[in-house]
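Here is what each chain is made of, one letter per residue.
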Amino acid sequence: MTVDGKALRMRRLSRTGDGKHLFVPLDHSVSDGPVSDRSGWDGLVRAIAGCGADALVLHKGRARTLEPATLGDCGLVVHLSASTAHAADTDAKVLVGDVDDALRLGADAVSVHVNVGSATESRQLADLGLVAGACQRWGIPLLAMIYPRGPRISDPRDVTLLSHAVNIAADLGADLVKTAVPADPARMAEVVESCPIPVLCAGGPPDARDPVPAAAALMAAGCAGLAVGRRIFTAENPAVTVARLAAVVHAADPGPLSESLAPLTTGVA
């Protein structure tokens, strides 16, 4: 029997084996600044990994700081793109790592960010294609984080634009794609239906609303999972937030969970 390295790694990205994913990006320390102080970092990672996240998304240098046992059954996605909030063009993304870096770290996947409609769209698409080729050669899954975003985009949550974006990711070789949620979340089903690869929904900026009802609705719309960062690491209790979202993502029927888990919302952002 031939062992398919990419299939094995994809399996590790869904800890229950159901093909659904709760990814927790912690790459914001490059774009926006630290997500935790030094003393709290290990505790944050252990809480996220131990309470049901399927994978963490980290930059290569941050991944090197992890103790080998910290992740447990949680996967590792090494993010290869970067920009900062202080750039002249905040929609521009550049590659700051490669697949070889990720493999040396024991990563289960890599991710690349593309902003469709940005001034540097052509460079970002070329980078996505190059990374996809390397991923195919080495048998490592590729998550494309792709958004309609830039001076040519009037509505970044337009369903037609989101459907176009996720199909760009599929056509250029991604195995998974993360994108924004439409203004009407119920229409996420149209985006999912348009795309031949699994679609994950971005968590968006934190606010005071409970994230579970929206997560349940998105999973019921056919999404393959969620990629939630700031709503978790800024929560009063990240462990509880992760556990509740993981329960929704891996539920056979996520709809009723939006109500049954509501009593656990105290102190959760």
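All of these numbers come straight from a predicted model, not from anything done at the bench.

A.B. asks: Even after reading the chapter, I still don't get the pairing of strand 6 (residues 109-116), so can you show me in this structure?
C.D. replies: The side chains of a regular strand alternate, residue by residue, between the two faces of the sheet. The buried fraction of strand 6 is high, at 8 of 8 residues. With burial as the criterion, each face of strand 6 is covered, one bearing Ala 109, Ser 111, His 113 and Asn 115 and the other bearing Val 110, Val 112, Val 114 and Val 116. Relative to strand 6, strand 3 (residues 75-79) runs parallel, the two being bridged by 3 bridges. Looking across to strand 6, one finds that His 79 is bridged to Ser 111. Note: strand 6 against strand 7 (residues 142-148), 7 bridges, orientation parallel. Bridging from a neighbouring strand, Val 116 pairs with Pro 148 of strand 7. As a crossover connection, the stretch from strand 6 through helix 6 (residues 121-138) into strand 7 is right-handed.

A.B. asks: Would you take a moment to explain the side chain of Ser 14 for this structure?
C.D. replies: Tracing the chain through its elements places Ser 14 in the loop between helix 1 (5-12) and strand 1 (21-25). The buried category is assigned to Ser 14, whose relative accessible area is 2%. Of note is the side chain of Ser 14, whose polar atom sits 3.1 Å from the backbone nitrogen of Gly 19. Beyond its immediate chain neighbours, meaning those up to four positions away, Ser 14 contacts Gly 19, Lys 20, His 21, Asp 54 and His 250.

A.B. asks: Looking at this model, I keep getting lost on the sheet that holds strand 3. Mind explaining?
C.D. replies: The pairing of strands in a sheet comes from backbone hydrogen bonds and takes either a parallel or an antiparallel form. Taking strand neighbours around the barrel as the criterion, the 8 strands line up as 1-2-3-6-7-8-9-10 in a closed arrangement whose pairing is parallel. Direction aside, neighbouring strands of the sheet carry axes that sit 25 degrees apart on average.

A.B. asks: In this structure, what is going on with the packing of aromatic side chains? I would like to understand it.
C.D. replies: We describe a pair of aromatic rings using the distance from one ring centre to the other and the angle between the two ring planes. With the rule as written, the count across this model stands at 0 aromatic pairs. When the ring centre of Trp 41 is taken as origin, the NZ or CZ atom of Arg 62, which lies over that ring, is 5.1 Å away. The ring of Tyr 147 has Arg 149 sitting right over it, with the charged end atom 4.3 Å from the ring centre.

A.B. asks: I would appreciate a short explanation of the nonpolar core in the present structure.
C.D. replies: General note: in soluble globular proteins, nonpolar side chains tend to be found buried as a group. If you look at the biggest cluster of nonpolar residues, it comprises 83 residues, and the most contacted ones within it are Phe 23, Leu 26 and Leu 226. When residues of this core are assigned to their parent elements, the largest contribution, 7 residues, is made by helix 7 (residues 159-171). For Leu 226, the contacting residues outside a window of four places in its chain are His 21, Leu 22, Phe 23, Leu 200, Cys 201, Ala 215, Leu 218, Met 219, Leu 245 and Val 249.

A.B. asks: It is not clear to me how the environment of Asp 127 should be interpreted in this structure. Could you clarify?
C.D. replies: One can find Asp 127 in helix 6. With 47 residues separating them in the primary sequence, Asp 127 and Leu 80 have C-alpha atoms 9.9 Å apart.

A.B. asks: Explain the pairing of strand 1 here, please?
C.D. replies: A large share of strand 1 lies buried, amounting to 5 of its 5 residues. Judged from the 3 bridges that link them, strand 1 and strand 2 (residues 55-58) form a sheet pairing that is parallel. Bridge pairing in strand 2 links Pro 25 to Val 57.

Definitions and cut-offs
Residues numbered from 1 in each chain as written. Predicted model: local features only at pLDDT ≥ 70, side-chain atom pairs only at ≥ 80, totals over all residues. Heavy atoms only, no water. Buried < 20%, exposed > 50% of the residue type's maximum accessible area, 1.4 Å probe, protein only. Helix = DSSP H or I, 4+ residues; strand = E, 2+ residues; numbered from the N terminus. Pairing = 2+ DSSP bridges. Right-handed = clockwise from strand over helix to strand, strands pointing away. Polar contact = N/O pair within 3.5 Å; in protein donor to acceptor, adjacent residues only side chain to side chain. Contact = heavy atoms within 4.5 Å. Axes fitted to C-alpha atoms, helices over the stretch in contact; angles between N-to-C directions. Phe/Tyr/Trp six-rings, centres within 6.5 Å; stacked < 30°, edge-to-face > 60°. Lys NZ or Arg CZ within 6 Å of the ring centre and 35° of its normal. Core = buried A, V, L, I, M, F, W, Y, C linked by side-chain atoms within 4.5 Å.

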